[in-house]
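What follows is each chain in one-letter form.
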Amino acid sequence: MRKLLILYATQTGNALDAAERLSREAERRGCPINLLSLHQYDPSLLPQEEAVIFVVSTTGQGDAPDSMKVFWRYLLQRNLGHHWLKGVHYAVFGLGDSSYQKYNFVAKKLDKRLLDLGGTAIVERGLGDDQHPSGYEASLDPWMSSLWRMLNMIKPELLSNGPDVVIQDTVLIDQPKVRITYHNIENVESHFSSASDLTSLNIQIGSARSMHPGKSSFDRSRPDCFLKMLKNLPLTRLNCGKDVRHFEFEFVSNALEYETGDVLEILPGQDSAAVDAFIQRCNLDPDSFITVSPREMDDQNAHDSRIPVKLKNFVEFSMDVDSASPRRYFFEVMRFFATAEHERERLEYFGSPEGRDDLYQYNQRERRTVLEVLDDFPSVQMPFEWLVQLVPPLKTRAFSISSSQSAHPNQVHLTVNVVSWTTPYKRKKKGLCSSWLAALDPRDDIYVPAWFHKGSLPSPSPSLPLILVGPGTGCAPFRGFVEERALQSRTNSTAPIIFFFGCRNEDGDFLYRDFWLNHSQNKGVLSEAKGGGFYVAFSREQPQKVYVQHKMREHSQRIWDLLAEGAAVYVAGSSTKMPADVTSAFEEIVAKENEVSTEDAARWIRALEKCGKYHIEAWS
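Now for a quick tour of the structure. (Residues numbered from 1 in each chain as written. Predicted model: local features only at pLDDT ≥ 70, side-chain atom pairs only at ≥ 80, totals over all residues. Heavy atoms only, no water.)

1. A closer look at the overall build of the chain
Looking only at helices and strands, one finds 21 helices and 22 strands in the chain. Relative to the globule expectation of 25 Å for 620 residues, the C-alpha radius of gyration of the chain, 26 Å, shows essentially globular dimensions. If one aligns the C-alpha atoms of the chain with their principal axes, the spans along those axes are about 75 × 60 × 50 Å. Across the 620 residues that make up the chain, the buried fraction comes to 54%. Working note: accessible area of the chain is about 27,900 Å², and carbon and sulfur atoms make up 48% of it. (Helix = DSSP H or I, 4+ residues; strand = E, 2+ residues; numbered from the N terminus. Rg over C-alpha atoms; globule rule 2.2 N^0.38 Å. Buried < 20%, exposed > 50% of the residue type's maximum accessible area, 1.4 Å probe, protein only. Areas by Shrake-Rupley, 256 points an atom, 1.4 Å probe, with all protein chains shown as cover.)

2. Here we look at the pairing of strand β22 (residues 614-619)
Of all six residues making up β22, five are buried, and the element is well covered by its neighbours. Two elements, strand β21 (residues 568-574) and β22, share six bridges in a ladder whose sense is parallel. Residue pairing for β22: Gly-573 is matched across the bridge by Ala-618. (Pairing = 2+ DSSP bridges.)

3. Here's the deal with the packing of aromatic side chains
Under the counting rule described, the total for this entry stands at 28 aromatic pairs. Here Phe-586 and Tyr-614 contribute two aromatic rings whose centre-to-centre distance is 5.7 Å and whose plane-to-plane angle is 80°, an arrangement assigned as edge-to-face. Within this pair, whereas Phe-586 is found in helix α20 (residues 578-594), its partner Tyr-614 is found in strand β22, the two being separated by 28 residues in sequence. Both residues of the pair, Phe-586 and Tyr-614, belong to the buried class. Among the aromatic residues, ring-to-ring pairing joins Phe-478, Phe-481, Phe-499, Phe-501, Phe-510, Tyr-512, Phe-515, Trp-516, Phe-534, Phe-538 and Tyr-570 into one connected group. Its guanidinium or amino end placed over the ring of Tyr-329, Arg-24 lies 3.3 Å from that ring's centre, counting from NZ or CZ. In this structure, Arg-335 is placed above the aromatic ring of Phe-336, and the distance from its NZ or CZ to the ring centre is 4.6 Å. (Phe/Tyr/Trp six-rings, centres within 6.5 Å; stacked < 30°, edge-to-face > 60°. Lys NZ or Arg CZ within 6 Å of the ring centre and 35° of its normal.)

4. Description of unusual backbone geometry
Trans peptide bonds make up the majority, and among non-glycine residues the majority have a negative phi. Non-glycine residue Asn-104 carries a positive phi angle of around 50°. Along the polypeptide, Asn-104 turns up in the loop between β4 (89-96) and α3 (105-116).

5. A few points about the pairing of β21
Counted residue by residue, β21 has six buried out of seven residues, so it is predominantly covered. Judged from the four bridges that link them, strand β18 (residues 466-469) and β21 form a sheet pairing that is parallel. The partner of Leu-468 across the bridge, within β21, is Tyr-570.

6. Details of the pattern of salt bridges
Per the stated rule, a full pass over the model turns up 38 salt bridges. The salt bridge partner of Lys-312 is Asp-276, with a shortest N-O separation of 3.0 Å. Residue Lys-312 is found in helix α9 (residues 311-318), and its partner Asp-276 is found in helix α7 (residues 272-281); the two are separated by 36 residues along the sequence. On the basis of relative accessibility, which here comes to 25%, the residue Lys-312 falls in the partly exposed class. Given a relative accessible area of 34%, Asp-276 falls into the partly exposed group. In this structure, Lys-551 and Glu-554 form a salt bridge, with 3.6 Å as the shortest nitrogen-oxygen distance. Residue Lys-551 and its partner Glu-554 are both found in helix α18 (residues 548-554); the two are separated by three residues, about one turn of the helix. Among the residues examined, Glu-554 registers a relative accessible area of 52% and is labelled exposed. (Salt bridge = Lys/Arg side-chain N within 4 Å of Asp/Glu carboxyl O.)

7. Topic: the sheet that holds strand β13 (residues 397-400)
Spatially, β13-β10-β17-β8-β9-β14 is the arrangement adopted by the six strands of the open sheet, whose pairing is antiparallel. Two strands in the sheet have a free side with no partner beyond their single neighbour: β13 and β14 (411-417). This sheet shows a mean twist of 40° between the axes of neighbouring strands, independent of strand direction. The pairing of strand β9 (residues 244-251) with β14 spans seven bridges and is classified as antiparallel. Along β14, the bridge assignment pairs Arg-245 with Val-416. Strands in contact with helix α6 (residues 197-211) are β8 (225-234) and β17 (448-453); relative to β8, the strand with the most contacts, it is inclined by about 95°. (Axes fitted to C-alpha atoms, helices over the stretch in contact; angles between N-to-C directions. Contact = heavy atoms within 4.5 Å.)

8. Thoughts on the nonpolar core
Phe-278, Phe-314, Met-319, Phe-330 and Phe-384 are the most contacted members of the largest nonpolar core, which totals 49 residues. The contacts of Phe-384, once residues within four sequence positions are left out, are Ile-180, Tyr-182, Leu-284, Ile-290, Leu-311, Phe-314, Val-315 and Met-319. (Core = buried A, V, L, I, M, F, W, Y, C linked by side-chain atoms within 4.5 Å.)

9. Describing the environment of Ser-305
Within the element layout of this structure, Ser-305 appears in the loop between α8 (300-304) and β12 (309-310). In this structure the C-alpha to C-alpha distance between Ser-305 and Thr-291, which are 14 residues apart in sequence, comes to 9.8 Å.

10. Concerning the packing of helix α19 (residues 556-564) against α20
Two elements in contact, α19 and α20, have axes whose closest approach is 9 Å; the angle formed by their N-to-C orientations is 85°. In terms of axis orientation, α19 runs roughly perpendicular to α20. Together, Ser-556, Gln-557, Ile-559, Trp-560 and Leu-563 of α19 and Phe-586, Ile-589, Val-590, Lys-592, Glu-593 and Asn-594 of α20 make up the contact between the two elements. Counted by class, the contact of α19 with α20 contains six nonpolar, three polar and two charged residues. (Parallel < 35°, antiparallel > 145°, perpendicular 65-115°, else oblique. Nonpolar A, V, L, I, M, F, W, Y, C, P; charged D, E, K, R; others polar.)

11. A short note on the sheet that holds strand β11 (residues 289-294)
A sheet is described by the order of its strands in space; here three strands give the open sequence β7-β11-β12, paired in antiparallel fashion. Each edge of the sheet is formed by a strand with only one pairing partner; in this case those strands are β7 (178-183) and β12.

12. What to know about the side chain of Thr-369
One can find Thr-369 in the loop between α12 (356-365) and α13 (370-376). Those residues within four positions of Thr-369 in sequence are excluded, and the remaining contacts are Val-321, Asp-322, Ser-323, Ala-324, Pro-326 and Lys-429.

13. Some remarks on α9
For α9, a buried count of six out of eight residues is recorded, marking the element as mostly surrounded by other parts of the structure. Among the residues making up α9, those that are buried are Leu-311, Asn-313, Phe-314, Val-315, Phe-317 and Ser-318. Looking at the packing, one finds that the buried side of α9 touches α6, α7, β11, β12 and α14 (384-390).

14. Some points on the environment of Glu-248
On the secondary structure map, Glu-248 appears in strand β9. Here Glu-248 falls in the buried class, since its relative accessible area comes to 10%. Residues Glu-248 and Glu-541, spaced 293 residues apart in sequence, show a C-alpha to C-alpha distance of 31 Å. Glu-248 has contacts with Lys-228, Met-229, Leu-230, Lys-231, Gln-411, Val-412 and His-413, leaving out every residue within four places of it along the chain.

In structure tokens, the structure reads:
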């Protein structure tokens, strides 16, 4: 039987969520489906498919998710001709954020490549935008309607129930995807009894996270190591409108090697009172031992190899009950378990096309947590299988490392903005990980689970001249760069560094002020005497705002001289307008100093990017 193939590439879970929604809608129309992550699919089989739907997200500065990289490389092979996908019908839906310069870049590239290879588009590509008041679903809903209508015309045999379906209220169409097995306590203790505290914690975290259905196969479930906080220092003045901290950690398990420019991921601790409240609200036994496996798992050995964990630990390490907002499907399923009429009606409205915007306002805009939603609908009692499937997975948080390991052996430092905001309905909210770290006391023995990996900023060689642009916490990786080069300069000659930093006020949020000034004097690596420079843009010190790009234009001759010497450019910080504004400033500088057109200057900067000398690490 022919199936509709749905392939997705996700980094944060949104593309998986959209792909699962597509597959549910397809099944409701009687369409058999095959849902796979792109890394699970053999791209050489693509010409044999009749109809393929791609759901892909764009990450960072126009990058493909990790799970798509092998597939994309295959598609770029030159020997695949213009007729390779002749007869294959496809559709592309992209998820992106229009505040980024390369909005939905991956979906656009994929659509063009599939067309170049001879594929036939079923519908025009759809582009979901995180910035829309209703999120990506504002585009997904109308795009899906067109997709089913066109697919019904092209391949009517796929949609046996036709393109339009009305859901029956009384029947829960889907089964939960997971099965939960409860274990006898005597058979379980042996896994943990002989292990040290750290090893036991490592096994519990690894086991809980590997069993969660929302886990990406690219995540390493067990932490690489554990860290203990040594210092928790404020970098900003009280009441300046920001709270930025300098954290220093030491390795308490094995010390790992890292390079400047690398990224540290941390699994945040959830508030134990919130975890207990969730368990109580859902009538669960916190002390029972469980394993979680896919419902359709055939391999009994794979099931038996799963290490049981306490239900409370499973929730604590893998289910985000008190910070992330649930998806739309959570509300659809809740409706079937609501016993109060008014609650069921409200959930039904939220699940309808008319209620979509109101649900977005209630849920995502207000950043309602799972616990808050469940408290708003007290008659709902959802089985634990559904909760495991639908509660958002607890995600690690990534931070640029702000230290050099050569300067601080056995340590790693972070520069973290402690996030807090007020919702449209004036509710106070805090970032889960940053506020958890800020509340840690170095005197307490709290183990912080951590993972290391490469970021977008490769560690530069000592002989490479650098132009660094890092406003706000974007300075974090460059603190490590400067520390490392200062050490290298003691024994060898090193290339110059120019650093452009930006903040609001000199006395409010001038992060690491003494550190930068120290290295910009007395022949330090940022000193003009060494060919370098340190320039600060204070945006609020004067009536007109001054940003890093304004300071760059003031020093355009020096920037061009370094670029002409083969300097590499590193840009880090907020993803909103800054990276695009900085790139424009570089283009203007190249055009002015080199006396070429702005088009030629833009091409020059693109060439710099292609040869690995223009790096951006931006975060929202």
